[in-house]
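Take a look at the letters that make up each chain.
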Amino acid sequence: MSGQSLLVPGTLSPARQVPASIPRPEYVGRPGPTPYTGPEVQDEETVERMRIASRIAAQAMEEAAKAVAPGVTTDELDRIAHAYMVDHRAYPSDLGYRGFPKSLCTSVNEVICHGIPDSTVLRDGDIVNLDVTAYIHGVHGDCNATYFVGDVDEESRLLVERTRESLDRAIKAVRPGRQINVIGRVIESYAKRFGYGVVRDFTGHGINTSFHSGLVIPHYDDPRATTVMRPGMTFTIEPMLTLGTHEYDIWDDGWTVVTKDRRRTAQFEHTLVVTGDGAEVLTLP
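The name an unreviewed UniProt entry gives the protein chain is Methionine aminopeptidase, with Actinacidiphila polyblastidii as the organism. Turning to the protein chain, the UniProt record has this under Subunit (unreviewed entry): "Monomer." UniProt lists a comment for the protein chain under the heading Catalytic activity (unreviewed entry), and it reads "Release of N-terminal amino acids, preferentially methionine, from peptides and arylamides."

(A) Structural detail: the UniProt feature "binding site: substrate" (unreviewed entry) in the protein chain. Mapped onto the present numbering, the UniProt feature "binding site: substrate" (unreviewed entry) falls at His-114 and His-212. Examined against the element boundaries, His-114 turns out to sit in the loop between strand E3 (111-113) and strand E4 (127-136). Residue His-114 is classed as partly exposed on the basis of its relative accessible area of 26%. Within the secondary structure, His-212 is located in the loop between strand E7 (204-205) and strand E8 (216-217).

(B) Spotlight on the environment of Arg-169. Secondary-structure assignment places Arg-169 in helix H3 (residues 154-173). Residues Arg-169 and Val-186 lie 17 residues apart in sequence; the distance between their C-alpha atoms is 6.9 Å. In contact with Arg-169, not counting residues within four places along its chain, are Val-186, Tyr-190 and Arg-193.

(C) Up close: the pattern of salt bridges. Summed over all chains, the structure comprises 20 salt bridges. Residue Arg-16 is joined to Asp-75 by a salt bridge in which the shortest nitrogen-to-oxygen separation is 2.9 Å. Taken together, the positions of Arg-16 in the segment before helix H1 (44-65) and Asp-75 in helix H2 (residues 74-87) put the pair 59 residues apart, joining distant regions of the chain. With its nearest N and O atoms 2.9 Å apart, the salt bridge here joins Arg-51 to Glu-280. Placement of the pair is Arg-51 in helix H1 and Glu-280 in strand E15 (residues 279-281), with a sequence separation of 229 residues. Under the relative-accessibility criterion, Glu-280 is labelled partly exposed at 26%. Residues joined by salt bridges that share partners form a network here, namely Arg-16, Asp-75, Asp-78 and Lys-102.

(D) The arrangement of the sheet that holds E15 in detail. An order of E9-E14-E15 is seen for the 3 strands of this open sheet, with the pairing classed as antiparallel. Sheet topology places strand E9 (234-237) and E15 at the edges, where each strand pairs with a single neighbour. Sheet twist, expressed as the mean angle between neighbouring strand axes with direction ignored, is 35°. Bridging between strand E14 (residues 270-274) and E15 involves 3 bridges; their strand directions are antiparallel. Bridging across to E15, Val-273 finds its partner in Glu-280.

Definitions and limits used
- Residues numbered from 1 in each chain as written.
- Predicted model: local features only at pLDDT ≥ 70, side-chain atom pairs only at ≥ 80, totals over all residues.
- Heavy atoms only, no water.
- UniProt positions renumbered as here; feature names shortened; annotations may be inferred.
- Helix = DSSP H or I, 4+ residues; strand = E, 2+ residues; numbered from the N terminus.
- Buried < 20%, exposed > 50% of the residue type's maximum accessible area, 1.4 Å probe, protein only.
- Contact = heavy atoms within 4.5 Å.
- Salt bridge = Lys/Arg side-chain N within 4 Å of Asp/Glu carboxyl O.
- Pairing = 2+ DSSP bridges.
- Axes fitted to C-alpha atoms, helices over the stretch in contact; angles between N-to-C directions.

Below, the structure written as structure tokens:
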């Protein structure tokens with residue numbers, strides 16, 4: 001196990017600006033989004049717009065990931081992803097969502113999700129998750145991945161690789177006619193082979209014109225998740241696996257979620273659409 005010291009909050013830089021000519025999601029400047037009341041199944045025109053948004057998000061994440069290295073701040077990663085999205089006429093969906101102050105989430109080591117980019121300097125041996133969502137043409141595309149910072153210990157490396165594998169297996173389980181809970185069943189059964197915790201309270205979600213539509217995609221075998229998948233449904237799968245407990249604490253910033261035992265955690269995410277015989281991953285660069 002890594003001997004790295006635990007993460008502490010850094011200093012926030014000023015909010016980054018988005019040109020006024022780039023359309024904003026309806027929730028920007030408001031306490032929260034308007035509840036989504038539309039369908040979970042999208043028409044082909046909406047899916048095509050989501051392909052564009054998803055591709056921009058994936059490419060922005062890739063650009064930021066190129067800079068992941070010891071000595072780089074998480075704020076610098078935010079700058080890179082922000083600039084890429086704005087340059088491609090997309091709005092960074094995170095910026096202003098329920099007051100979130102930055103354009104992506106950077107979750108280091110024991111941070112499960114929603115880490116805020118700041119003056120924190122990445123160290124050799126860290127792992128860092130980049131979570132990027134882009135909004136363009138009235139729709140969102142959402143993805144994340146966990147990256148190695150320099151020379152990472154074997155336990156952390158295996159956690160990251162297996163978390164990626166759990167997402168791949170879950171995507172392969174998507175089929176029209178199956179219940180949503182098959183996704184969590186696949187992830188949890190795989191994670192249990194290695195003694196990993198599976199985070200329960202933070203889930204995948206429906207996504208379309210809404211950042212979070214209300215559809216919940218658990219990453220554990222939840223008998224309540226009986227929604228049947230249908231062609232055209234769009235949602236994210238984003239398993240969060242931990243070396244220890246799945247329980248968590250939230251920092252005073254109201255966003256940063258850390259494992260209660262402060263052991264490491266990894267996450268991967270794709271936005272996908274259910275097809276006639278499986279799933280199409282939209283968040284490919």
